[in-house]
Amino acid sequence: MVGYDAKADARSNSKLEVAVAGSVSGFVTRALISPLDVIKIRFQLQIERLCPSDPNAKYHGIFQAIKQILQEEGPSAFWKGHIPAQILSVAYGAVQFLSFEELTELLYRVNLYETHEFSAHFVCGGLSAGAATLAVHPVDVLRTRLAAQGEPKIYNTLRDAISTMYRTEGPLVFYKGLAPTVIAIFPYAGLQFSCYRSLKHAYDWVLPPDGKQTGNLKNLLCGCGSGVISKTLTYPLDLFKKRLQVGGFEHARSAFGQVRNYGGLLDLTKQVLQDEGTLGLFKGLSPSLLKAALSTGFMFFWYELFCNLFHCIRREDR
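Residues numbered from 1 in each chain as written. Predicted model: local features only at pLDDT ≥ 70, side-chain atom pairs only at ≥ 80, totals over all residues. Heavy atoms only, no water.

A few words now on the nonpolar core. Of all hydrophobic cores here, the largest spans 18 residues; its most connected members are Val2, Ala21, Phe97, Phe193, Phe300 and Tyr303. When neighbours within four sequence positions are excluded, Phe193 is seen to be in contact with Val2, Gln96, Phe97, Phe100, His121, Gly125, Ser128 and Phe300. (Core = buried A, V, L, I, M, F, W, Y, C linked by side-chain atoms within 4.5 Å. Buried < 20%, exposed > 50% of the residue type's maximum accessible area, 1.4 Å probe, protein only. Contact = heavy atoms within 4.5 Å.)

Now for the environment of Leu233. In this structure, Leu233 sits in helix α7 (residues 216–245). Along the chain, Leu233 and Tyr188 lie 45 residues apart, while their C-alpha atoms are 7.7 Å from each other. (Helix = DSSP H or I, 4+ residues; strand = E, 2+ residues; numbered from the N terminus.)

This next bit is on the packing of helix α3 (residues 82–109) against helix α6 (residues 178–206). At a closest axis distance of 13 Å, the pairing of α3 and α6 adopts a crossing angle of 65 degrees. With respect to α6, the element α3 is oriented roughly perpendicular. Judged by the twist between their axes, the crossing of α3 over α6 is right-handed. Residues Tyr92, Gln96, Phe97 and Phe100 of α3 pack against Ile185, Ala189, Gln192 and Phe193 of α6. (Axes fitted to C-alpha atoms, helices over the stretch in contact; angles between N-to-C directions. Parallel < 35°, antiparallel > 145°, perpendicular 65-115°, else oblique. Left-handed = near helix turned anticlockwise from the far one by under 90°.)

Examined at the domain level, the protein chain breaks down into domain 1 (12–79 + 284–317), domain 2 (80–175) and domain 3 (179–282). Relative placement of domain 1 and domain 3: their C-alpha centres are 12 Å apart. Every contact between the two is made by 24 residues of domain 1 and, on the other side, 31 residues of domain 3. At the boundary of domain 1 with domain 3, total buried surface from both sides reaches about 2,500 Å², with 62% on carbon and sulfur atoms. The largest share of the area that domain 1 buries against domain 3 comes from Gln44, Leu45 and Ile47, three residues that together contribute 28% of it. Applying the counting criterion to the domain 1 and domain 3 interface returns 2 salt bridges. Salt-bridge contacts for Asp238 lead to Lys40; the nearest nitrogen and oxygen are separated by 3.1 Å. Between domain 1 and domain 3 we count 11 residue pairs in polar contact (both at pLDDT 80 or more) in total. (Domains from an automatic or database assignment. Buried area = accessible area lost by both parts, 1.4 Å probe. Salt bridge = Lys/Arg side-chain N within 4 Å of Asp/Glu carboxyl O. Polar contact = N/O pair within 3.5 Å; in protein donor to acceptor, adjacent residues only side chain to side chain.)

A cluster of nonpolar side chains, Trp205, Val206 and Leu207, forms an exposed patch at the surface whose accessible area comes to about 390 Å². Looking at the secondary structure, you find Val206 in helix α6. (Patch = residues over 30% accessible without salt bridge, like charges linked within 9 Å, V, L, I, M, F, W, Y side chains within 5 Å. Areas by Shrake-Rupley, 256 points an atom, 1.4 Å probe, with all protein chains shown as cover.)

With 12 residues, helix α8 (residues 265–276) ought to run about 16 Å at 1.5 Å a step, and its terminal C-alpha atoms sit 16 Å apart, in line with that. Those residues of α8 not exposed but buried are Leu268, Gln271, Val272 and Glu276. Burial along α8 is one-sided: seen end-on, the buried residues are contained in an arc of 100 degrees. α8 presents Leu266 and Gln274 as exposed residues on the side facing more than 90 degrees away from its buried surface. In the core, the buried residues of α8 are packed alongside α7. Among the residues trailing α8, Gly277 stands out with phi positive, at a value near 75 degrees. (Expected span 1.5 Å × (residues − 1). Arc of directions from axis to C-beta.)

Following both chains from N to C, one finds helix α1 (residues 15–45) and α3 inclined at 140 degrees, their axes separated by 7 Å at the closest point. Considering only the axes of α1 and α3, their crossing is right-handed. Here the residues of the contact of α1 with α3 sort into 10 nonpolar, 8 polar and 5 charged. (Nonpolar A, V, L, I, M, F, W, Y, C, P; charged D, E, K, R; others polar.)

See the structure below:
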């Protein structure tokens, strides 16, 4: 069960178990979807159109990008920035699920949960993700920089990236892209949690539980569906975030095609619409949707699986 459930008080997980389940869920999910994340970031940062008809486009499709990255950088390129990405996922998962548990319990205590279930999950999901984002945003910037660089590398290690960025760009570099991130994360995560809950209700209506099902398939499918819905509705802000995070890093991207300098979120929006058109707002959407479906599906799947595992261990100890 994701979130506080008064009816299941006897089998509720402790706050520590919730945090650990969220961390493990983030860890496993990140390891599985890292290649899609690298491709998505490369697509988002490309100024040229993502199509074969543009001779200046480095990438124009998922399979072509996979082949190109393998040829030029080797298999390890799909896990560039993986260490900060794992730190990000573990910390983010713990803070997000623990905050969500606390917030849904608070709403239940003030009698606002039962009658406003969808909106409760939307608001609590958004606030919990906002708290997690503020806690781990510097790591997200590091992950993006390491995943975006080509060969030869500008940053050879995570420590090198931290020291170089701090020395050359100052401490605020670790909060680049924070504005669109915070703006986007509330509706994105809110939709993730509320749609996940609603899709589970719809699943039970279509296929009523017969007592023999474990629910694992339901958790995975509903998580995938909520990921696709939330990512599609908030995608342009994710693209803006990535573009801003590599500001001042243009020299490392010269081999990838055109580079741009942006004066902020409004200037970025204006330039993308002028130079790349409306479709430019959705560059990298296809790998992003695939990633969102798998990452959200796995996130809820592993979280609920580990919560149930902790409950079973506790019950056996009694």
